[in-house]
Amino acid sequence: MLIIPIKDGENIDRALKRYKRKFDRTGTLRQLRSRQHFTKPSVQKRDKMQKAAYIQHLRDSVEI
């Protein structure tokens with residue numbers, strides 16, 4: 001459970017923005033979406049390798 005202490009006189013919009021930022025950093029929504037369906041470990045590994053290759057390609061193209 002996320003707890004956001006609100007200071008005296010603090011704007012509610014600012015507190016809500018801090019809550020949203022903290023919620024995003026915990027990764028709760030990403031974890032919930034990933035648990036909606038099962039992916040085989042081999043598929044996860046393949047996706048991870050493809051992502052790494054793509055990022056490496058981007059970094060190589062920037063260096064040149």
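Residues numbered from 1 in each chain as written. Predicted model: local features only at pLDDT ≥ 70, side-chain atom pairs only at ≥ 80, totals over all residues. Heavy atoms only, no water.

Visitor: Can you help me understand the packing of aromatic side chains in this one?
Guide: What the rule picks out here adds up to one aromatic pair. Ring geometry for tyrosine 19 and phenylalanine 23: centres 6.2 Å apart, planes at 25°, overall stacked. On the criterion of helical spacing, the pair formed by tyrosine 19 and phenylalanine 23 is a turn pair, its members being four residues apart in helix α1 (residues 12-26). Given a relative accessible area of 26%, phenylalanine 23 falls into the partly exposed group. (Phe/Tyr/Trp six-rings, centres within 6.5 Å; stacked < 30°, edge-to-face > 60°. Helix = DSSP H or I, 4+ residues; strand = E, 2+ residues; numbered from the N terminus. Buried < 20%, exposed > 50% of the residue type's maximum accessible area, 1.4 Å probe, protein only.)

Visitor: It is not clear to me how a nonpolar patch on the surface should be interpreted in this structure. Could you clarify?
Guide: Among the surface-exposed residues, Tyr54, Ile55 and Leu58 lie close enough to one another that they form a single nonpolar patch of about 270 Å² accessible area. The topology assignment puts isoleucine 55 in helix α3 (residues 41-63). (Patch = residues over 30% accessible without salt bridge, like charges linked within 9 Å, V, L, I, M, F, W, Y side chains within 5 Å. Areas by Shrake-Rupley, 256 points an atom, 1.4 Å probe, with all protein chains shown as cover. Salt bridge = Lys/Arg side-chain N within 4 Å of Asp/Glu carboxyl O.)

Visitor: When you look at the pattern of salt bridges in this model, what are you seeing that I'm missing?
Guide: When their charged atoms lie close together, side chains carrying opposite charge are able to pair. Evaluated as defined, the whole model comprises one salt bridge. Across the salt bridge formed by arginine 18 and glutamate 10, the nearest N and O atoms sit 3.2 Å from each other.

Visitor: It is not clear to me how the confidence of the model for the protein should be interpreted in this structure. Could you clarify?
Guide: Detail in the predicted coordinates should be disregarded across regions flagged by low pLDDT. Per-chain confidence: the protein averages 92 in pLDDT, with 98% of residues scoring 70 or above. Considering each helix and strand of the protein separately, the mean pLDDT is smallest for helix α2 (residues 28-34), with a value of 90, and largest for α3, with 95. (pLDDT = per-residue confidence, 0-100.)

Visitor: I keep staring at α1 and nothing clicks. Help me out?
Guide: Each α-helix winds once per 3.6 residues, and so residues spaced three or four apart point in a common direction. The terminal C-alpha atoms of α1, which comprises 15 residues, lie 21 Å apart, in line with the 21 Å expected from a rise of 1.5 Å per residue. In the segment just after α1, glycine 27 is the residue with positive phi, at about 80°. (Expected span 1.5 Å × (residues − 1).)

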